Amino acid sequence: MTALLLPAIVGGLLTGGVYALVALGLTLIYGVLHIVNFAHGALLMAAMFGAWLLAAKLGLDPLLALPLLTAAMFAVGWALYRFVIGPVSRGQDRAILLATLGVAVVIDNGALMLFTGDSRTIETPYALAMLQAGPLLLPEAKLIAFVCALLLAALLWAFMALTDTGRAIRAVAREPEGAMLVGIRPQRMFALAYGIGTACLGAAACLLLPSFYVSPQVGESFVLIAFTIVVLGGMGSFPGALVGGLLVGVTENLGGLYLGESLGPICVPLLFIAVLLLRPTGLFGAAR
Amino acid sequence: MADAVLRVRDLHAGYGDFRVLQGVSMEVAAGEVVALLGANGVGKTTLNRALSGLLRPSQGAITFCGRPIAGIDHAAIVRAGLVHVPEGRRIFPNLSVRDNLLLGCYVRGGATRAQSLARVLESFPRLAARLRQAAGSLSGGEQQMLAIGRGLMARPVLLILDEPSLGLSPKLVEEMFALILRLRAEGLSILLVEQNVVQSLAVAARAYVMEHGRIVMQGAADVLAGDARLRAAYLGL
């Protein structure tokens, strides 16, 4: 069993990196708009279908499609906030929540109509390739996904910490009126934050596609994990989403290893409950 | 007053059906410190919010540096050089002191930023020592300094200071008024809203007194300081 332990941990970390990217988008939107984005799963699914279409119909490799789809999903998220969620909500958090739920219903059913409920997949040369690293055999697709996810997370962190727009988004998150007094337009920052959170899904979709099936239901499984990560790490916390993502990836794999396929999935919820019992604000959450 | 930086004519504003300002007219000349006095709830903060574009006036005109600004976008007002340091400071608690200051010149862009930052830190050495600290962890006095410093980063023509000495210790209140004198010496126009009547009249050239959303008294600060009515109403003398 111990011979399997290290590969399980490493495999979990690799998957966890992409989970973290999905969770980063969710935690960014929560941190700035103070709402849980119910459309997150549906938008991830839509992005995965986007990547699948590009690959299956145009022969574009998901990794090459990544910049394109990330930009496209940014535009989709920005426009959704600017033209649907923002106007519908009139600044009420409850209404924003319902608006995102409505968007999710529309996307989910639109996908069912267009693609039916079938699962689809693509072939990439690296999907089944393995990389030998010492005693470890690493699946190439997941390794690439992990490295890309961490790079993107670092890029996002740098943007939020070092640019004026990033600072303005963080400022609006806590003090919208103070932000207005220095000339920041809060609604623009909300739309940008929603766009960036959605852009993370475009990137995640391209990284997930080589190793996962796409179906109109695919978003649900990932978004449940992402919600778990965001709460576990501390709502709105960047490091929380990153560490939480890796932790959930590893826990999932270890659960599968020791408890088997059917009992294994209880490990993540158990970890979740344990963390919340000991630290109700999550691993990196600020005490309120 | 030919060289008025700010000119307000018959301004009406409020919240929904609740009309707070009922025809306010006032002026601030270039390089002048003007005190705006009045009890709580007479509309001083509402006037400031209307001036800085946070609240759209229902009637009346605001001219800033010769340009009508009533009802225009708050970002354009900041860019024009009218900067409001609000009551309650409204700093960004989750950002570092440095990031708070840098956002002060959000509308100015990067060109003059380093220079502005150096100048502000010279005025507020205590902030310079805490640049990397989260603004929310500063003391009340330091937060007030940060709020003013952030306002100065925008290189204002007119600075509105809303209750800058509120909640500060007597020593810090003294420092605050010394700062206002320094800014006055640099030629900045200041609209000072204060509960601290005696000290405000000491640094201001002129003053307005508000009651029930209207200006009820105005004049030179030294004359008002000796006015029996004002002394009775606000100084309990």
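Our subject is the structure that appears above.
Residues numbered from 1 in each chain as written. Chains lettered and ligands numbered in written order. Predicted model: local features only at pLDDT ≥ 70, side-chain atom pairs only at ≥ 80, totals over all residues. Heavy atoms only, no water.

### Observations regarding the overall build of chain B
We count it as follows: Each helix is a run of DSSP H or I of at least 4 residues and each strand a run of E of at least 2, with the numbering of both proceeding from the N terminus. Values of the radius of gyration come from C-alpha atoms, whereas the globule rule sets the reference at 2.2 Å times the count of residues to the power 0.38. Remark: exposure states derive from per-residue accessible area (1.4 Å probe, protein chains only) relative to the maximum for the residue type, with buried under 20%, exposed over 50%, and partly exposed in between. Here, two residues are considered to be in contact whenever any of their heavy atoms come within 4.5 Å of each other.
Scanning chain B for helices and strands turns up 10 helices and 10 strands. Here the C-alpha radius of gyration of chain B, 17 Å, is about what a compact globule of 237 residues would show, namely 18 Å. A principal-axis box enclosing the C-alpha atoms of chain B has dimensions of 45 × 40 × 35 Å. Relative to its full complement of 237 residues, chain B shows a buried share of 52%. By sequence separation, contacts in chain B at least 24 residues apart represent 68% of the contacts at least 6 residues apart.

### Some details on the sheet that holds strand β3 (residues 33-37) of chain B
All names here are of chain B. Defined as follows: Think of it this way: DSSP has to see at least two bridges between two strands before they count as a pair. Convention adopted: a line fitted to C-alpha atoms gives each axis, helices being fitted over their contacting stretch, and angles between N-to-C directions are expressed from 0 to 180 degrees.
One open sheet holds the six strands; their spatial order is β6-β7-β8-β3-β9-β10, and the pairing between them is mixed. Single-partner strands in this sheet number two, and they are β6 (82-85) and β10 (214-220). Across the sheet, the axes of successive neighbouring strands diverge by a mean angle of 15 degrees, strand direction being ignored. As paired strands, β3 and strand β9 (residues 206-211) are joined by four bridges and run parallel to one another.

### A look at the pairing of β6(B)
All names here are of chain B. Here β6 shows two buried faces, one formed by Leu82 and His84 and the other by Val83 and Val85. Sheet topology places β6 next to strand β7 (residues 158-162); four bridges connect them, and they run parallel. Within the sheet, the bridge partner assigned to Val85 lies in β7 and is Leu161.

### Some details on a nonpolar patch on the surface
Spelled out, the test is: A patch consists of residues whose relative accessible area exceeds 30% and which take part in no salt bridge; residues with like charges are grouped when within 9 Å of each other, and nonpolar side chains (Val, Leu, Ile, Met, Phe, Trp, Tyr) when within 5 Å. Surface exposure here means Shrake-Rupley accessible area, sampled with a 1.4 Å probe, where a residue is shielded only by the protein chains that are shown. Here a salt bridge means any side-chain nitrogen of Lys or Arg lying within 4 Å of a carboxyl oxygen belonging to Asp or Glu.
A cluster of nonpolar side chains, namely A:Tyr258, A:Leu259, A:Leu263, A:Ile266 and A:Leu270, defines an oily patch on the protein surface of about 460 Å² accessible area. Residue contributions to the nonpolar patch peak at three residues, all from helix α10 (residues 238-263) of chain A.

### Describing helix α11 (residues 267-278) of chain A
Residue and element names in this part refer to chain A. The cut-off we apply is this: Helix span, as expected, comes to 1.5 Å for every residue beyond the first. As used here, the arc belongs to the directions running from the helix axis to the C-beta atoms.
With 12 residues, α11 extends 17 Å from end C-alpha to end C-alpha; this agrees with the ideal 16 Å at 1.5 Å per step. The complete set of buried residues in α11 reads Cys267, Val268 and Val275. Axial view of α11: buried residues confined to an arc of 100 degrees, hence all on one face. Exposed residues pointing more than 90 degrees away from the buried face of α11 are listed as Leu270 and Leu277.

### A short note on the packing of aromatic side chains
Two numbers describe a pair of aromatic rings. These are the distance of the centres and the angle of the planes. Applicable threshold: Pairs were defined over the aromatic rings of Phe, Tyr and Trp, the Trp ring being its six-membered one, requiring ring centres within 6.5 Å. Orientation was assigned from the angle between planes: stacked under 30 degrees, edge-to-face over 60, tilted for the rest. Only when the NZ atom of a Lys or the CZ atom of an Arg is both within 6 Å of the ring centre and within 35 degrees of the ring normal do we say a charge sits over the ring.
Counted according to the given criterion, the structure contains eight aromatic pairs over all chains. When the ring of A:Trp52 is compared with that of A:Phe115, the centres are 6.2 Å apart and the planes differ by 90 degrees; the resulting orientation is edge-to-face. Taken together, the positions of A:Trp52 in helix α2 (residues 40-58) and A:Phe115 in helix α4 (residues 93-115) put the pair 63 residues apart, joining distant regions of the chain. Grouping residues by exposure puts A:Trp52 and A:Phe115 together as buried. With centroids separated by 6.3 Å and ring planes inclined at 65 degrees, the aromatic side chains of A:Tyr81 and A:Phe190 adopt a geometry described as edge-to-face. On the criterion of sequence distance, the pair formed by A:Tyr81 in helix α3 (residues 62-89) and A:Phe190 in helix α8 (residues 186-208) is long-range, its members being 109 residues apart. Residues A:Tyr81 and A:Phe190 agree in their burial class; the two are buried. Cation over ring: B:Arg150 sits above B:Phe92, and NZ or CZ is 4.7 Å from the ring centre.

### What about the sheet that holds strand β4 (residues 59-64) of chain B?
Residues and elements named next belong to chain B. A sheet is described by the order of its strands in space; here four strands give the open sequence β2-β1-β4-β5, paired in antiparallel fashion. On the outer flanks of this sheet lie β2 (18-29) and β5 (67-68), each paired with one strand and no other. Relative to β2, strand β1 (residues 4-15) runs antiparallel, the two being bridged by nine bridges. Of the residues in β2, the one forming a bridge with Tyr15 is Phe18. Most of the contacts of helix α1 (residues 44-51) go to β1, to which it runs at about 115 degrees, and overall it touches β1, β2 and β4.

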